Amino acid sequence: MGEPGTKEILSLEELEASVGLRTGRKHILSILVENKPGVLTRIAGLFARRGFNIDTLAVGPTDDPTLSRITITLDGATHPIDQVTKQLHKLVNVIKIRDLEPTETVARELALFKVAADGSTRAEVMQMVEIFRGKIIDVSKRSVIIEVTGSWDKIEAFERMVRPFGLIEMARTGEIAISRGRGET
């Protein structure tokens, strides 16, 4: 790698290695699967064997009780996604896979935050909750539990805003997504 102030050109790999950048497109995979034991294990194992790091993973039932939807988000910079989707199609219990385009998708995440909020800071914390359209779902003498739903960016921004008050604990669901328009995801 070049010294500071030199005009040596860096490759993308060198740049990523030097600062830990993630430059790939965020992939949101929506995978429709049979609702059977072991399906999630096989899918997660396929990603692990190929060196993928799954950013978020959410699984839930669909309108058909025999099917479940798995939503996986990951960064496309580290590995090309095409090969893994081809191999997912080969799994017996996988019905349908879509790599959702972020601009054509509605994606949401739910997060719960336990924040220190005694008498002197409670009003400020409640104001922050209102600004982010969150809900206070539990109150104790020294803390509040807050529910925030929204995009990944909104959840991250809320976390940054309440951390100075004393973030005691946080739990996040991972993103779920559905494509815009009339077509099925």
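Only a predicted model underlies this, so the values are computations on that prediction, with no experimental measurement involved.

> Sorry if this is basic, but what is going on with helix 2 (residues 39–49) here?
Owing to its 3.6 residues per turn, the α-helix brings residues three or four apart onto one side. For helix 2, the set of buried residues is Val39, Ile43, Gly45, Leu46 and Phe47. Close packing links the buried residues of helix 2 with strand 1 (26–34), strand 3 (67–75), helix 3 (82–90) and strand 4 (94–100). Once helix 2 ends, the next one or two residues include Gly51, with phi positive near 80°.

> I tried to follow the sheet that holds strand 4 on my own but got confused; where do I start?
Within a sheet, neighbouring strands are paired by backbone hydrogen bonds and run either parallel or antiparallel to one another. One open sheet accounts for 4 strands, arranged 2-3-1-4; its pairing is antiparallel. Because the sheet does not close on itself, it has two edges, and the strands there are strand 2 (56–61) and strand 4. Taking the axes of each pair of neighbouring strands and ignoring which way they run, one obtains an average angle of 15° across the sheet. Bridging between strand 2 and strand 3 involves 6 bridges; their strand directions are antiparallel. Opposite Pro61, over in strand 3, you have Ser68 as the bridge partner. The sheet strands contacting helix 3 are strand 1 and strand 4, and the helix crosses strand 4 at an angle near 160°.

> Help me out: how do you make sense of the side chain of Ser68 in this one?
Mapping Ser68 onto the fold places it in strand 3. With residues up to four places along the chain from it excluded, the contact list for Ser68 reads Ile31, Leu32, Val33, Asn35, Val59, Gly60, Pro61 and Thr62.

> Would you explain a nonpolar patch on the surface in this entry?
On the surface, a cluster of nonpolar side chains totalling about 220 Å² of accessible area is made up of Leu40, Leu57 and Val59. With respect to the secondary-structure elements, Leu40 resides in helix 2.

What counts and what doesn't
Residues numbered from 1 in each chain as written. Predicted model: local features only at pLDDT ≥ 70, side-chain atom pairs only at ≥ 80, totals over all residues. Heavy atoms only, no water. Buried < 20%, exposed > 50% of the residue type's maximum accessible area, 1.4 Å probe, protein only. Helix = DSSP H or I, 4+ residues; strand = E, 2+ residues; numbered from the N terminus. Contact = heavy atoms within 4.5 Å. Pairing = 2+ DSSP bridges. Axes fitted to C-alpha atoms, helices over the stretch in contact; angles between N-to-C directions. Patch = residues over 30% accessible without salt bridge, like charges linked within 9 Å, V, L, I, M, F, W, Y side chains within 5 Å. Areas by Shrake-Rupley, 256 points an atom, 1.4 Å probe, with all protein chains shown as cover. Salt bridge = Lys/Arg side-chain N within 4 Å of Asp/Glu carboxyl O.

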